[in-house]
Amino acid sequence: MNKNIFEKYPENLQSEYNASILILKNLFNEEEINEWNDEIKIITDSGVRSWEVTTDMLKVSVSLSELLKGIELIQWSKMINRLIVLSPVLAASYIKNSSDFLEITRGRHIDSMAILAEKIYDGSWKSGNFASKIFDHSPKFLKVLTFSEFEQIIYLLNDITKQSYDMAVECLDNSYNFLTKFNSKITGIELLTSLKNNSSRDLKNILENSPKHLIKFNENQRLELMNLVLSIIKHGGHSSTSIMDELSLPFNTINNRNYDKILELCKDLSRKQPSVISGFLSKIPEILNKIDIKKIDEWYDQGIELLEINPDAAIAYFKMESLTSENTLNKISSSVEYESIKELLQLYCSALAGTDIEILPSSDLVDKNIGWSSTMNPTTEGKSIFVPEIINRFDEKNTNYKWFKVISSHQVGRLEFGSFKFIFNEPSILFDDMRSKLYEDYLIKHKNADQIHFPLKDKEESNTSTKTDFNKFFDLFENRTLITDIFAIIEDTRVEHCIKSKYMGLSKDFDRVKAQALEKRPNINTLNSHDALVEFLVQISLGKNDSTRVPKKYIDQFKNIYALMKMIFDKPDSTVHDSAEISIRIYKMIFSMQNENMANEDTEELNLEQEQEQDYYEDDNVMQEILQFMMNQDSMDLHSDSEEYQSPAQVDYRGDFKPELVQLLENMRSMDSDNNEFSQENISPEMLKELLDQMENLDVDATERPIDSSTDMIAENILKEISSELSENSNHNPGETDNDSEEFEELQTDDPQSYVYDEWDFRSNDYKPRWCIVKERTMGEGDRQYYDDTLLDYSTLVSHLRRQFEMISPEMLKKERRLEDGEDFDIDDVIEAFVDIKTGVSPSEKLYWRRNKIQRDVACVFLLDVSASTAESIEDSTSNNDWDVPDDPVDYMKWVKSRRKSGIVRTYKRIIDVEKEASVLIMDALENLGDKYGIYCFSGYGRENVEFYTVKDLEESLTDNIKSRIDKISPLHATRMGPAIRHAISKLDKVQARTKLLFLISDGRPQDRGYSREGVEKEYAVHDTKMALTEAKNKDINAFCLTVDKNGHDYLKAMTQDMGYEVLDDVRDLPERLLDLYRNFTM
Amino acid sequence: MSDTTKSLYKSYIIEEYFAKEKPYYVPVGDEIELFEAAYKQKIPILFKGPTGCGKTRFVEYMAYKLGQEMELTGEKNPDESKPNIPLVTIACHEDLTASDLVGRYLLEGDSTVWMDGPLTRAVKAGGICYLDEVVEARKDTTVIIHPLTDHRRILPVEKKGELIEAAEGFLLVLSYNPGYQSALKDLKHSTRQRFVAIEFDYPSVEKEAEIIAHESELDLDMAFRLATLGEKIRNLKDHGLPEGASTRLLIYAAKMITQGVKPIRACQISVNWAITDDPILHQGIQEVISSIFAE
C-alpha cells in the first residue's frame, strides 16, 4: 500500500491509516488487505467530506480488530460503503456505534443493522435522523433484546414516522426505559404494539410518563396497570394524554401492600365500566383513609350491584359523587372521624366540664404554633379540646369511638378536676405542705446568688407578675424535665381516678385503654435507674398491680413510690396540690440517686399486691431530709458521672400535658378580659419569651430555625392568639359562630357568604354531595325613588290591596260567643235561655262569651328568578325561549352579554320590571299586615356560582335602604333553581312561624350550564327542582310556583306534582295575582 | 253528694285541703327565713326559678311549717286534720280570666247564684294563694291581683259590687319561670314591683342527692350519681337545651331505678327523652349518662 492513496486529503488521514494498518494487517491476508484498501478508497472518494468518515472508520477499526475477523471487517466496511451512499451522517452514526453494539452482539448483525437503517431511510433528512438514532440506541437495546426484537420495535416505531418523525424519535428515546420495566421483553413489546395500535398518538406521552410511574410497581402490577391503560384507551372517549398520571398518581398515597388489591379491582372494573377507572382510582386514597383494604370489597360490590341496575348511578358511585357511595363507605368504615362526632363530643365535653368546650382537631393547635406540635395527640389548652382527626386503631367502629370518648374524657377531666387550677400556696389534702418552705429556701438561695452578681436588682420581684404558679413550682427543681414528667404522670393518674370514681360507666373503657397502653411499655430493667423509676410510675399509673421484677438495689425506692402513688388511688377527692406534693417526694427519691445503667443489676421480685398494705409514712425527719436535699440539689456532685435522664415514651391516649403553658394562656386571657383590651404593657413578648424558654417539653415547630427564634415565634403567636380570642369575644356575633378563630382576621362582614348544598341526580337516584355553592349577597342599593314611583303608578291597585289586606289583619282580641264556659254570661243568650225555660223548651247551655287571642304567625319567602331571560319584553314573552343556551362557558357568557346589551336600549317593559313592581307591592302590603317576609333574587352560572341576592331578609325590618335595593334588581345569568330553593328553605327553617310559605316566581324552566347530566337532558334540572320543592314540603313549608312562561304547564306539572303552581296568562297580572294568592294561603 | 260516690274518692273544699304529714323540703339557701319574714309583714312573694326545682314543694312546706308555728303561738287552733294554714294553688294558663279567679254567677234553676273563685276563697279563708306559672295568664287577668298586693289588701268583686278585705293570714305567692323569657311572656312591671322575689335554683349536687335519695328511697351513692347527671345536663343549657333536667325528673329516674329498671335506661326514658327531642342533643346526653352509670 503506498502513501499516495490519500495525498489529496489532510495528513492525519494518512497517519491514521498507517496506525491502523499496523494492527489490522495481522488480521488480513494479502487479498483481504487489498479489498480493505479498495473499500476505504471508495468510501473516501464517495463525497467531498467523506475522508472524515474514513478517519472515524479507521479509528474504530482498531478497536473492532479485537472483536472481528478480517472477513467480517471487510463486510463491515462494505456496509459503511452502502450507507455512505445514502447519507454520510448515517454512515458516521453507524461507525460511531459499531464497536458498542458489535461488542454486545459479539460480531453478529454487522449487515442486518445496516440494512435495517437502510430500510428505514427514505432519503429525507428526518428519516436519516431517525435512522441514525437507531444506531445510537442500538447498544443499550441490544443489551436487553434480541436483534429480531429490536427490529420489531424499530418497525413498530417506523409506522409512527408516518405521522411524525419527531414523535417516533421521542418514542424511541423513551421506549427503552419503558421496556426495561418488564422482565419479559416480549410482554413489553406486546404492550407497546397494542398501545401503538390503539392510540399511536398517545404512545409518546405514555412512554414518556410511564417509567417514572412504573417504578413503584412490581412486574405483575406494571403489567396490570398497562393493561388498564390499554382498556381505557380502547374504550375511548377519554382524553388519554394524561392517562398515565391519572392512573398512577393516586398510588403515590396508597401503601404499596395494597397495590395488588386495587389493581385487581380496577381490572375487574375495566371489564365492566372502564370509563370510571380513573375517577375511581383518584378516590382510592380517600376511601382507604376511611376503611381498611380488607373491607373495600364490600363497598366495591355495592357499586357493581348498582352498575347492573343503574349504570349512571354506579358511575357516580365509583367517583364518590353520590351520597349512597359516601353513606356506604361510612357504614363499612370502622374508623371514626372527628368531623362526624364533633358535635356530639362537644355536647358531651361541655356537659362534663360545665363550660363551653370546643372540640377541634389537633392540627388546628399545631397550626397556631403556640407550643404544641403533635397532630395525633389529644390535648387541651384550657379552653378547647384537641383530638386527632381520625381514629382507626381498631377494627370495630364502636371501639374506635370509645377511644375518642376516653381521650376526650381524659382531657375534660383535666379541666373538670382542676389540673390547671394549681395555686402555689393552696394546701393539699394528704400532706404537710412543703412547697412554701421550699420556696423560702429557694428565695434565700437565689437572693444570695443574685446579690453577688446584681446586688441591687431583685430579680424575683420583677418576674412574679408574669410567672405562673406552675412556673414558680417547677423552678424549685434542678432537673426540670424530671419534675414535669413526674408531675404529669401523677396528675394524669389523679385525674383518671377522679374520672373513674365519678363516671362509673367510663371505667371499663378506661381500663381497656390502659391495659392496651400497658402492654406497649418497655421493660423496666433495661433502663437507666432514673428512667426506670419514672417508667415504673407510668406503669403503675396504667394499672399495673401484679408482681414485677425490679433491680434489687433500688427496691426500696420502688416500694416507696408505689406507696405514694397508692395515696391517690385511695383518695378520690385529692387535688392537683396533692399531685404536686407527691411529685416533690418522688422527685427527691429519684434525683437523690445516680442515674446509672442497671442492665447488669440483680433483680428481685416485687409483688405489688402485697404492697397494697404498705402505706407511705412521713415524719418530720423525712421532711427535713427532703428540704435539705432540695436546698442542695444543684451543688451535689452526685450527678457528675450520671447518664442524662430520658423521658419515658408517651402514653398515647393521655396526649400532651402542658400545665405551664395552659396556665400562662389562662392568665393572659383573664388579664386581658379584665382590661378588655389587649395591652402589651401587661406582658411583653420578651417577658413571654423568657417564660417560654424556661419551659420544658415545649414543642417548637419542627423547622430548621434555631431554638431561640422558635420561642420568639411561639411568644408572638401566643400574643396573637390571645388578642384574637379577645377581639372575637368583643365582636361576638351570635349569628356567626361558625367563623373559625384563625380565619378571623381575613373574614370581613362584607365578605360573601357561601353555602354548600347537595344536588339531586335523578339518573342515579341519589344526591350529589356538596355539589353547589350558593353565594349569598345583599343586593346593592339603587334609587329609592323607584319604590315611591311604583307605588304612585299603581296607586289604585295599592289602595285596593291595602283594603283587602287590612281585612285579613286579625283583631287581636275577638269576642267569641256561645261557649259553654267563658268569661261571663252573654246577656242576650241568657235572656234567650230564660225565654226557652219559660216556654218549656230546653235551653242552650252555651251562654258564655270570651275574648280570644288570634295570632297571625306567617313567614314567607319570595324567590325571584332574575335570569337573563327576564330581560325579555313582556309583549313577546310568548316567544321567550332559551333553549339555545350555549353549553360552553365562554360562549355562554357572550350570549348572556349580548342579551343584556339588548336590554339597555329598551323602551318596552321587561319581565323583570314586573317582578320589581311586584316586590314593591308585596312590601307595601305585607308591611301593613306585619307578617315576616323575605324577598330574594337568584341566578348564577355553573354549580360553583349560584348567586343569591337578598333584597329583604326575613328578619330585616323595612328600611329606606331596603326600598332602594329594589331598583337594583336586574337580569343576570342562568336559572339554577334547586340550590336557590334549598337556601331559601334553610332560611325559612331558621325562623319560627306556624305557617311557612315559599313563592317561586320564574319566567321559564330551570336551566344552567352543567345543570344537566352529561349535556343536554333538560329533565335533570326539573328533577332537581322538584326534589328541592319536596324538601320544602318535608319541612312544612308550602311552596308555590308562579310562572309567566306560557309553555310552563308541561314541566311545572312534573316539577311541582301535588304542590301548587300557576301559569300567568298576562305578566302584568303578576303583582295582583301574587298578593291574591298570598291572601288565600294565609287566611 | 250521694254516699256511694263519696266512698270512691275524696274531695275537699279548696281551702280545706291539708297535707297529712310534713312535706319534705331541703332548703337551698335562706328561703325559709325570707318567706317567714315576708309572711309576717304581709308582703307578697314572687318565686323565680326553673321548672322542677321545688317551688311548689316549698310553698306546701311553708304552709305546713307556718301552720305548726301558729299553733304553737296560739294564733291557730291546733287541729290534727288541719295542720297547715290554707293553701290555694292555681295553675295559670292562657285562658285564665279574671272571673275564673274571682268568681262568677252560675245558673241554678230560675235564678243565678254567685260562686266564689279560688282567689276569693283564699282571701276569705286567710290562706296562701299560690299562682303557679303566673306569666302564662293574660296580662289583663293579672291586674286584678293588684289591690290585694299593696297596703289595701282588698279584692274588688266587680260583678257583685263588693270589696272583700283579706283575712289576717292571707298571702299571695306567685311563681314564674324566667326560662320562658320572651317579650310576650313576661310580667308587667306594675305587677312585678309589688312582690319580693325569692330566687330558686337547683340544689347543689350533695343536697340534690339527699333529696333524690329521700324521695325515691334509692341508695345514696346512686342518688349522688343521678345528681351528678343533673349537674352535667344543666351545663348544656346554652347548647340548645331550653331547660336543664329538673330535680323532679331525677327523682322519677330514681324511682324507676328502685323498681329495677337499669340505670342507663331509666335515665334515658325519664330524663333524656323528657328534656329534648333533638337527636344530637339526645345522643350527647346519652353519652354523659353512659359515662356516669356502669352497665
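Residues numbered from 1 in each chain as written. Chains lettered and ligands numbered in written order. Predicted model: local features only at pLDDT ≥ 70, side-chain atom pairs only at ≥ 80, totals over all residues. Heavy atoms only, no water.

Draft legend 1. Focus on the side chain of Asn400 of chain A. Inspection of the secondary structure puts Asn400 of chain A in helix α20 (residues 397–416). In this structure Asn400 of chain A touches Ser334, Ser335, Val336, Ile391, Asn392, Arg393 and Phe394 of chain A, once residues within four positions along its chain are discounted. (Helix = DSSP H or I, 4+ residues; strand = E, 2+ residues; numbered from the N terminus. Contact = heavy atoms within 4.5 Å.)

Draft legend 2. Structural detail: the sheet that holds strand β9 (residues 766–778) of chain A. Residues and elements named next belong to chain A. Strands sit in the order β8-β9-β15-β14-β13-β16-β17-β18 across an open sheet of eight strands; the sheet is mixed. The sheet terminates laterally at β8 (753–761) and β18 (1060–1063), the two strands that pair on one side only. The sheet shows a mean angle of 25° between the axes of neighbouring strands, direction not considered. Sheet topology note: the β9/strand β15 (residues 946–952) ladder contains five bridges and is parallel. Paired with Thr778 across the bridge in β15 is Thr950. Relative to strand β14 (residues 932–940), helix α38 (residues 911–929) is tilted by about 165°, and along the sheet it contacts β13 (858–865), β14, β15 and β16 (995–1002). Helix α43 (residues 1070–1082) rests against β13, β16, β17 (1037–1043) and β18 of the sheet, and its axis sits at about 160° to β16. (Pairing = 2+ DSSP bridges. Axes fitted to C-alpha atoms, helices over the stretch in contact; angles between N-to-C directions.)

Draft legend 3. Up close: the interface of chain B and chain A. Taken together, the contact between chain B and chain A spans 31 residues of the former and 33 residues of the latter. In total, chain B and chain A occlude about 2800 Å² of area from one another, counting both sides; carbon and sulfur atoms represent 57% of this. Taken together, the links from chain B to chain A amount to two salt bridges. Between Glu416 of chain A and Lys232 of chain B there is a salt bridge, with its nearest N and O atoms 2.5 Å apart. Our count for the chain B to chain A interface comes out at 15 residue pairs in polar contact (both at pLDDT 80 or more). If you list the elements that add at least two residues to the side of chain B that touches chain A, you get β3 (103–108), α10 (220–234) and α13 (279–292) of chain B. The dominant element in the side of chain B that touches chain A, judged by the number of residues it contributes, is α13 of chain B, at nine residues. Residues of the side of chain B that touches chain A, tallied by class, amount to eleven nonpolar, ten polar and ten charged. (Buried area = accessible area lost by both parts, 1.4 Å probe. Salt bridge = Lys/Arg side-chain N within 4 Å of Asp/Glu carboxyl O. Polar contact = N/O pair within 3.5 Å; in protein donor to acceptor, adjacent residues only side chain to side chain. Nonpolar A, V, L, I, M, F, W, Y, C, P; charged D, E, K, R; others polar.)

Draft legend 4. Spotlight on a nonpolar patch on the surface. Residues and elements named next belong to chain A. Together, Ile827, Ile831 and Val835 make up a nonpolar patch on the protein surface, roughly 290 Å² of accessible area in all. As for its placement among the helices and strands, Ile827 is situated in helix α36 (residues 827–838). Residue Ile827 is classed as exposed on the basis of its relative accessible area, which comes to 58%. (Patch = residues over 30% accessible without salt bridge, like charges linked within 9 Å, V, L, I, M, F, W, Y side chains within 5 Å. Areas by Shrake-Rupley, 256 points an atom, 1.4 Å probe, with all protein chains shown as cover. Buried < 20%, exposed > 50% of the residue type's maximum accessible area, 1.4 Å probe, protein only.)

Draft legend 5. How the structure looks around unusual backbone geometry. All names here are of chain B. Even without a glycine there, the phi angle at Lys42 is positive, about 55°. Relative to the helices and strands, Lys42 resides in the loop between α2 (31–40) and β1 (45–48). At Arg153, a position not held by glycine, the phi torsion is positive, near 50°. Here Arg153 shows up in the loop between α7 (146–149) and β6 (154–157). For Arg153, a relative accessible area of 12% corresponds to the buried category.

Draft legend 6. Examining the environment of Met222 of chain B more closely. All names here are of chain B. Inspection of the secondary structure assignment puts Met222 in helix α10. In this structure the C-alpha to C-alpha distance between Met222 and Pro263, which are 41 residues apart in sequence, comes to 8.9 Å. Apart from the residues lying within four places of it in its own chain, the contact partners of Met222 are Pro263 and Phe293.

Draft legend 7. Representation of the nonpolar core within the structure. Residues and elements named next belong to chain A. By size, the foremost hydrophobic cluster in this structure holds 146 residues, and its most contacted members are Phe473, Ile561, Tyr653 and Ile718. Counting residues per element, this core draws most heavily on helix α24 (residues 480–502), at ten residues. Beyond its immediate sequence surroundings of up to four residues, Ile561 is in contact with Leu533, Phe536, Leu537, Ile540, Ile586, Met589 and Ile590. (Core = buried A, V, L, I, M, F, W, Y, C linked by side-chain atoms within 4.5 Å.)

Draft legend 8. Summary view of the pattern of salt bridges. Residue and element names in this part refer to chain A. Following the criterion strictly, the structure yields 42 salt bridges over all chains and no others. Across the pair Glu264 and Lys261 runs a salt bridge, and its minimum N-O distance is 3.8 Å. With Glu264 and Lys261 both in helix α13 (residues 259–272) and three residues apart, the pair spans about one turn of that helix. Judged by relative accessible area, which is 19%, Lys261 ranks as buried.

Draft legend 9. Focus on the sheet that holds strand β9 (residues 196–199) of chain B. All names here are of chain B. The five strands are arranged β2-β5-β8-β1-β9 in an open sheet whose pairing can be described as parallel. Pairing within the sheet leaves two strands with one partner each, and these edge strands are β2 (87–91) and β9. Averaged over all adjacent pairs, the angle separating strand axes in this sheet is 20°, with direction ignored. Note: β2 against strand β5 (residues 128–132), five bridges, orientation parallel. Residue pairing in the sheet places Ile90 in a bridge with Leu131 of β5. Taken strand by strand, helix α3 (residues 55–73) contacts β1, β2, β5 and β8 (171–176), and its axis lies near 180° from that of β5. The strands touched by helix α5 (residues 118–125) are β2, β5 and β8; relative to β2, the strand with the most contacts, the crossing angle is about 160°.

Draft legend 10. Broad picture of α38 of chain A. All names here are of chain A. For α38, which comprises 19 residues, the first-to-last C-alpha distance of 27 Å matches the rise-based estimate of 27 Å (1.5 Å per residue) to within 8%. For α38, the tally of buried residues reaches 17 of 19 residues, placing the bulk of the element in the interior. Looking at the residues trailing α38, positive phi occurs at Gly930, about 85°. (Expected span 1.5 Å × (residues − 1).)

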